[in-house]
Amino acid sequence: MENLILSFNVVAPLFFMMVLGYFLKYIKMYDQHTLDIMNKVVFKVFLPVLLFYNVYTTDLGEALDLKLILYAASGVIILFLLLLLIVPRLEKENPKRGVLIQGVFRSNFVIFGIPVATSIYGEGNVGTTAMLIATIVPLFNVLAVISLEIFRDSQINVKKIAKGVITNPLIVAAVIGIIFLLIGIQLPTSVLSTVKDISKMATPLGLILLGASFSFSDVKKYLNETIIIVIVKLILVPAIMVPLSVFLGFRGIALLTLTIIYGAPTGVSTFQMAKQMDGDSDLAAQLIVFTSFFCIITMFVWIYILKSMALI
């Protein structure tokens, strides 16, 4: 019961904010033009600041585990490459292809990682999770840009893909954060405090806008894609990766963090990125909402199993 409550308390706020966004649209607090502008601001300002802050505030000395980082990154890349081969054979529409690929490999790691790890291991003991956020989230964003750029036009334009990756606000923010972290650049307290406050706005505002963009009329339209992604994302992928992680000797917070990377719902920023890069953002919204809902059940199951086996 404790684990169920933990999972619910992590996921429930996401839904409450999305419900608020849908309600505000329902009572006509904003129109489509306003939503488009706000989504652009979130994608180009608030999410990059959030990513920069997460990377910049990571304690390298506390949780630098190269084996763990290499394994986590390799798993994400291999999964991405497999999806890049499989999805185009199953889906013929380019705007959907990149979104479906992201729907599986890209997890809501920023939102789920620290809260879940802190709930189980306590404050001050989540350096491993923070370290993986600093490395895996930028990787998510690079691969996400590639997946959308590849299917943005009828033919693959390597130069355009490279430009899209290099100029993507999320990737730029992550790179700047890593540079500041490695060089040891200290931001003035007032600046860091401002960055921290701005970063706190990214997730709530992104979720509210996601809720505002959700349409119940799209549920039937994307039902087949949604069912497949929910099963693959929340059941099939973790069913392969979590046992493999255990077999390779990962335990404790490292194993928990890997479980979150591979078993958390589709990343919220998938929606904003699809919106800005000609992907099917309506499909992205459906995937985020439904994977977030069913993750309450699947994450509980994984935490319960791992705890009962004394692996975390």
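Summary of the structure given here. Computed from a predicted model, the values in this text were never measured in an experiment.

To continue, consider the packing of aromatic side chains. For the structure shown, the criterion picks out eight aromatic pairs. Measuring from ring centre to ring centre gives 6.1 Å for phenylalanine 105 and phenylalanine 140, while their planes differ by 55°; the resulting arrangement is tilted. Of the two residues, phenylalanine 105 is situated in helix α5 (residues 94-105) and phenylalanine 140 in helix α7 (residues 127-150); the sequence distance between them amounts to 35 residues. Pair check on accessibility: phenylalanine 105 and phenylalanine 140 agree, each one buried. Grouping aromatic residues by their ring pairs yields a cluster made of Phe52, Tyr56 and Phe180. The side chain of lysine 67 reaches across the aromatic face of phenylalanine 250, ending 5.1 Å from its centre.

On to unusual backbone geometry. In most cases, non-glycine residues show a negative phi, while peptide bonds are predominantly trans. Phi is positive for lysine 28, close to 60°, though the residue is something other than glycine. Along the chain, lysine 28 falls in the loop between α1 (2-26) and α2 (32-56). Phi is positive for aspartate 278, close to 65°, though the residue is something other than glycine. For aspartate 278, the position within the fold is in the loop between α14 (269-276) and α15 (281-308).

Our next topic: empty space enclosed by the protein. Per the stated rule, a full pass over the model turns up two cavities of 30 Å³ or more. In terms of lining, the largest cavity is formed by 17 residues, of which the most central are Leu47, Arg106, Val110, Val137 and Ser269. When residues of the lining of the largest cavity are traced back to their parent elements, those giving at least two are α2, α6 (109-121) and α7. Its residues assigned to classes, the lining of the largest cavity comprises ten nonpolar, six polar and one charged.

The next thing to look at is α7. If you check α7, its first and last C-alpha atoms are 35 Å apart, about what 24 residues at 1.5 Å a residue would give, namely 34 Å. Isoleucine 133 marks the point of greatest bend in α7, at about 30°. For α7, the buried fraction is high: 21 of the 24 residues fall into the buried class.

Together, Phe293, Phe294, Ile297, Val301, Tyr304, Ile305 and Met309 make up a nonpolar patch on the protein surface, roughly 650 Å² of accessible area in all. On the secondary structure map, valine 301 appears in helix α15.

So, on to the pattern of salt bridges. Counting across every chain of the model gives five salt bridges. For glutamate 93, the salt bridge is made with lysine 96, and the minimal N-O distance between the two is 3.9 Å. Between aspartate 278 and arginine 152 there is a salt bridge, and its shortest N-O distance comes to 2.9 Å. In this pair, aspartate 278 sits in the loop between α14 and α15 while arginine 152 sits in the loop between α7 and α8 (158-167), placing the two residues 126 residues apart along the sequence. Classification of aspartate 278 by relative accessible area gives exposed; the value is 52%. Among the residues examined, arginine 152 registers a relative accessible area of 27% and is labelled partly exposed. Salt bridges sharing common partners tie together Glu93, Lys96 and Glu225.

With that settled, the discussion passes to the layout of surface pockets. Of the voids in this model, the second largest pocket is the one considered here, and its volume is about 530 Å³. In this structure, the second largest pocket is lined by 21 residues; those nearest its centre are Leu83, Ile86, Val87, Val104 and Val232. The biggest single contributor to the lining of the second largest pocket is helix α12 (residues 223-247), with nine residues. Broken down by class, the residue content of the lining of the second largest pocket amounts to 17 nonpolar, two polar and two charged.

It is worth spelling out the packing of α7 against helix α13 (residues 252-263) at this point. As a packed pair, α7 and α13 sit with axes 10 Å apart at the nearest point and diverge in direction by 30°. Considering their axes alone, α7 and α13 lie roughly parallel with respect to each other. Our pair here, α7 against α13, has a crossing hand that is right-handed. Contact residues: α7 offers Thr128, Thr129, Leu132, Ile136 and Phe140, while α13 offers Ile253, Ala254, Thr257 and Ile261.

Within the secondary structure, glutamine 286 sits in helix α15. Judged by relative accessible area, which is 1%, glutamine 286 ranks as buried.

Cut-offs applied
- Residues numbered from 1 in each chain as written.
- Predicted model: local features only at pLDDT ≥ 70, side-chain atom pairs only at ≥ 80, totals over all residues.
- Heavy atoms only, no water.
- Phe/Tyr/Trp six-rings, centres within 6.5 Å; stacked < 30°, edge-to-face > 60°.
- Helix = DSSP H or I, 4+ residues; strand = E, 2+ residues; numbered from the N terminus.
- Buried < 20%, exposed > 50% of the residue type's maximum accessible area, 1.4 Å probe, protein only.
- Lys NZ or Arg CZ within 6 Å of the ring centre and 35° of its normal.
- 1 Å grid on protein atoms, 1.4 Å probe; cavity = no way out; pocket = protein on both sides within 12 Å on 5 of 7 lines; lining within 4 Å.
- Points joined across faces, edges and corners; volume = space filled by probe spheres on them.
- Nonpolar A, V, L, I, M, F, W, Y, C, P; charged D, E, K, R; others polar.
- Expected span 1.5 Å × (residues − 1).
- Bend = angle between axes of the 7 residues up to and from the residue.
- Patch = residues over 30% accessible without salt bridge, like charges linked within 9 Å, V, L, I, M, F, W, Y side chains within 5 Å.
- Areas by Shrake-Rupley, 256 points an atom, 1.4 Å probe, with all protein chains shown as cover.
- Salt bridge = Lys/Arg side-chain N within 4 Å of Asp/Glu carboxyl O.
- Axes fitted to C-alpha atoms, helices over the stretch in contact; angles between N-to-C directions.
- Parallel < 35°, antiparallel > 145°, perpendicular 65-115°, else oblique.
- Left-handed = near helix turned anticlockwise from the far one by under 90°.
- Contact = heavy atoms within 4.5 Å.

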